[in-house]
Amino acid sequence: GCRVVLLSSCHVYDAPTRLPVDEEHPTRGEGPYAKSKMAAEAEAFSRRDRDWVLVRPFNLTGPGQSPEFAAADWAHQWVGGAREIQTGDLDLRRDYMDVRDACEGLRILAERAPRREIFNLCTGQAVALREVFELAAPGARPIQDKSRLRAHDVPELRGCAKKAAALGWTPKIPLSTSLSDLREGLSA
């Protein structure tokens, strides 16, 4: 009898046919992660008797993030003293938000969203990974590593947050604060 909040991912969209990507955008994600999220979504859609809300967050960062993610990797290296850091393609543009804003969004959607609806959690703004790098590792020099380039990376992935905003959620924490807080947590 309880509401289920299913946490999916923006990776289900894959290469966008239009920007910003809204909840009606076709899902055709590639790779095991995207396919696993699409399988979970299909299971939810088949459960007509359940009260669920499906949430597709875009790129998250902030305090406590694992270094297996780009921004946190750069911050970890910077805190460790590295001033030359290997990167992938810094010209890619992504929609980043703070994990604390995402948590608040999940709370609001759990409480207010109509049942069996899909919601993006995103800022609606895309930033170049170059800017993310500069915020995560201030003053460091990026060294592009060809082994970190991915043939399937799309130039820009930016979401549409109108549906979540209509329920009273908007992200509040600037990316600069997210990455500063991430670095501070690593230094402590």
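Above this note sits the structure.
Numbering of residues starts from 1 in each chain and follows the order in which that chain's sequence is written. Only residues with pLDDT of at least 70 get local features here, since the model is predicted, and only at 80 or more are side-chain atom pairs given and counted; chain-wide, interface and lining totals rely on the full set of residues. Heavy atoms from the whole structure form the basis of all side-chain values; hydrogens and water molecules are not counted.

(A) Inspection of the pairing of strand 2 (residues 52-57) at higher detail. Think of it in three bands: with a 1.4 Å probe and only protein chains considered, a residue is buried below 20% of the maximum accessible area for its type, exposed above 50%, and partly exposed in between. Helix and strand assignments come from DSSP, with helices taken as H or I runs of at least 4 residues and strands as E runs of at least 2, each series counted from the N terminus. The buried count for strand 2 comes to six of six residues, which makes it a mostly enclosed element. Here strand 2 shows no split at all, with Trp-52, Leu-54 and Arg-56 on one side and Val-53, Val-55 and Pro-57 on the other all buried. Where strand 1 (residues 4-7) lies against strand 2, four bridges are found, and the strand directions are parallel. Across the sheet, the residue bridging to Val-4 is Trp-52, located in strand 2. By the criterion used throughout, a crossover qualifies as right-handed when its path from the first strand across the helix to the second strand runs clockwise, the strands pointing away from the viewer. Between the parallel elements strand 1 and strand 2, the chain passes through helix 1 (residues 31-46) in a crossover that is right-handed. The pairing criterion for strands is at least two bridges between them, as found by DSSP. With five bridges joining them, strand 2 and strand 7 (residues 117-121) adopt parallel strand pairing. Bridging across to strand 7, Arg-56 finds its partner in Asn-120.

(B) Structural context of the layout of surface pockets. Estimates place the volume of the largest pocket at around 1300 Å³. Lining residues are defined by having an atom within 4 Å of a point belonging to a cavity or pocket. Those points lie on a 1 Å grid over the protein atoms alone, cavities being sets where a 1.4 Å probe fits but cannot get out and pockets being open sets with protein on both sides within 12 Å along at least five of seven lines. As for the largest pocket, its lining consists of 39 residues, and the residues nearest its centre are His-11, Asn-59, Phe-69, Arg-94 and Arg-150. Ranked by residue count, the leading element in the lining of the largest pocket is helix 1, at five residues. Only Asp, Glu, Lys and Arg are considered charged, only Ala, Val, Leu, Ile, Met, Phe, Trp, Tyr, Cys and Pro nonpolar, and every remaining residue, Gly among them, polar. For the lining of the largest pocket, the residue count by class is 19 nonpolar, ten polar and ten charged. Lining the second largest pocket we find Gly-1, Cys-2, Val-4, Leu-6, Ala-40, Glu-43, Ala-44, Arg-47, Arg-50, Asp-51 and Trp-52. Of all the elements in the fold, those that place two or more residues in the lining of the second largest pocket are strand 1 and helix 1. Considering each element in turn, the lining of the second largest pocket owes the most residues, three residues, to helix 1. Its residues placed into classes, the lining of the second largest pocket shows six nonpolar, one polar and four charged. Grid points are joined across faces, edges and corners, and a volume is the space filled by probe spheres set on the points.

(C) Region of interest: the packing of helix 2 (residues 70-79) against helix 6 (residues 175-187). Angles shown run from 0 to 180 degrees and are taken between the N-to-C directions of axes, each axis being a line fitted to C-alpha atoms and, for helices, limited to the stretch in contact. Running from N to C, helix 2 and helix 6 cross one another at 45°; their axes reach a closest spacing of 9 Å. When the axes of helix 2 and helix 6 are compared, the pair comes out oblique. In this structure, the crossing between helix 2 and helix 6 has a hand that is right-handed. Together, Ala-71, Ala-72, Ala-75, His-76, Trp-78 and Val-79 of helix 2 and Leu-179, Leu-182, Arg-183, Leu-186 and Ser-187 of helix 6 make up the contact between the two elements. Here the residues of the contact of helix 2 with helix 6 sort into eight nonpolar, two polar and one charged. We call two directions roughly parallel when the angle between them is under 35 degrees, roughly antiparallel when it is over 145, roughly perpendicular when it lies between 65 and 115, and oblique otherwise. Crossings are sorted by hand: turned counterclockwise from the far helix by less than a right angle, the near helix makes the crossing left-handed, and turned clockwise it makes it right-handed. Residue contacts are defined here by distance: any two heavy atoms, one from each residue, within 4.5 Å place the two residues in contact.

(D) Main features of the sheet that holds strand 10 (residues 156-157). The strand order across the open sheet built from three strands is 8-5-10, with neighbouring strands paired in mixed fashion. The two strands at the open ends of the sheet, each matched to only one other strand, are strand 8 (127-128) and strand 10. In this sheet, strand 8 lies alongside strand 5 (residues 93-94) in antiparallel orientation, the contact comprising two bridges. Directly across from Arg-93, in strand 8, lies its bridge partner Ala-128.

(E) Up close: the sheet that holds strand 7. Overall, parallel pairing links the three strands, which are arranged 1-2-7 in an open sheet. In the strand order of this sheet, the two ends are held by strand 1 and strand 7, each with one partner. Strand after strand, the sheet turns through a mean of 25° between neighbouring axes, direction not considered. Its contacts with the sheet put helix 1 on strand 1, strand 2 and strand 7, and the angle it makes with strand 2 is roughly 160°. Where helix 3 (residues 99-112) meets the sheet, it contacts strand 1, strand 2 and strand 7, and its direction lies at approximately 160° from that of strand 7.

(F) Seen up close, the side chain of His-25. Locating His-25 in the fold gives a position in the loop between strand 1 and helix 1. Exposure remark for His-25: the relative accessible area of 2% places this residue in the buried category. Polar contacts, as counted here, are pairs of nitrogen or oxygen atoms within 3.5 Å of one another; within protein the pair requires one atom able to donate a hydrogen and one able to accept it, and residues that are adjacent in sequence qualify only if both atoms are side-chain atoms. Side-chain polar atoms of His-25 contact the backbone nitrogen of Thr-17, separated by 2.9 Å. Among residues more than four places away in sequence, those in contact with His-25 are Tyr-13, Ala-15, Pro-16, Thr-17 and Arg-18.

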